[in-house]
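Now for the letters of each chain:
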Amino acid sequence: MTVRDWIVSRTPTTLPELTQRILEALGDDASAPDSRAGELCLAAAARSLETLVSEGRFDRRHALDLLTIDALTTFAYEHASQPRATGTGKVRLADLARRGAVTLGHTLDQRV
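Per chain, residue numbering runs from 1 following the sequence as it is written. Only residues with pLDDT of at least 70 get local features here, since the model is predicted, and only at 80 or more are side-chain atom pairs given and counted; chain-wide, interface and lining totals rely on the full set of residues. Only hydrogens and water are removed before side-chain values are computed, so all heavy atoms of the structure are retained for them.

1. Here's the deal with the nonpolar core
- Residues grouped as a nonpolar core are buried Ala, Val, Leu, Ile, Met, Phe, Trp, Tyr and Cys residues, joined through side-chain atoms within 4.5 Å. Burial here depends on accessible area, computed with a 1.4 Å probe over protein chains only, as a share of the maximum for the residue type. Under 20% is buried, over 50% is exposed, and the range in between is partly exposed. If you look at the biggest cluster of nonpolar residues, it comprises 24 residues, and the most contacted ones within it are Val3, Ile7, Ile22, Leu26, Cys41, Leu72 and Phe75.
- Strands are runs of DSSP state E lasting at least 2 residues, helices are runs of H or I lasting at least 4, and numbering of each runs from the N terminus. Elements with a contribution of two residues or more to this core: helix H1 (3–10), helix H2 (16–26), helix H3 (37–54) and helix H4 (63–81).
- The dominant element in this core, judged by the number of residues it contributes, is H3, at 9 residues.
- In what follows, a contact means two residues having at least one pair of non-hydrogen atoms within 4.5 Å. Look past the residues within four positions of cysteine 41 in its chain and what remains in contact with it is Ile7, Leu26, Leu72, Phe75 and Ala76.

Below is the structure:
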């Protein structure tokens, strides 16, 4: 299973435009194994936030961009929290949450 497959399996069919935006934000990373979904979704969220902030896209016309960033971040944390054969996802979730806070916070600190 790829990251793309994992995302599509969790995205309601009523939101095809959001799913498409998520996959576009992931780019080539969507073809990676789903075991990397957490880190790759977080990286795509960070890249997307960087673009949104650096281009000053803050009005309502860019709401879907913000929803995409939110969805990518949510998927990253969801994936990290899933139990694996090696145990629970609590350690992975805590690590990803720390990295996400630093990465996304750094983007905002640098741009806003």
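2. Some thoughts on the packing of aromatic side chains
- A pair of aromatic rings is counted whenever rings of Phe, Tyr or Trp (Trp by its six-membered ring) have centres within 6.5 Å, and the orientation is called stacked for planes under 30 degrees apart, edge-to-face for over 60 and tilted otherwise. Per the counting criterion, the structure on display carries 1 aromatic pair.
- Pairing tryptophan 6 with phenylalanine 75 gives two aromatic rings, centres 5.8 Å apart and planes at 75°, and the pair type is edge-to-face. One end of the pair, tryptophan 6, is in helix H1; the other, phenylalanine 75, is in helix H4, and 69 residues separate them in sequence. Each member of the pair, tryptophan 6 together with phenylalanine 75, is buried.

3. Structural notes on the packing of H3 against H4
- Axis angles are defined between N-to-C directions and span 0 to 180 degrees, where every axis is a line fitted to C-alpha atoms and, for a helix, only to the segment in contact. Between H3 and H4, whose axes approach to 8 Å, the crossing angle comes to 160°. Overall, the two elements H3 and H4 adopt an arrangement that is roughly antiparallel. Relative to H4, H3 is oriented so that their crossing is left-handed. For the pair H3 and H4, contact is made by Ala37, Gly38, Cys41, Leu42, Ala44, Ala45, Ser48, Leu49 and Leu52 and by Asp65, Leu66, Ile69, Leu72, Thr73, Phe75, Ala76 and His79, respectively. An angle below 35 degrees is treated as roughly parallel, one above 145 as roughly antiparallel, one from 65 to 115 as roughly perpendicular, and anything else as oblique. The crossing is said to be left-handed when, going from far helix to near helix, the turn is anticlockwise and less than a right angle, and right-handed when the turn is clockwise.

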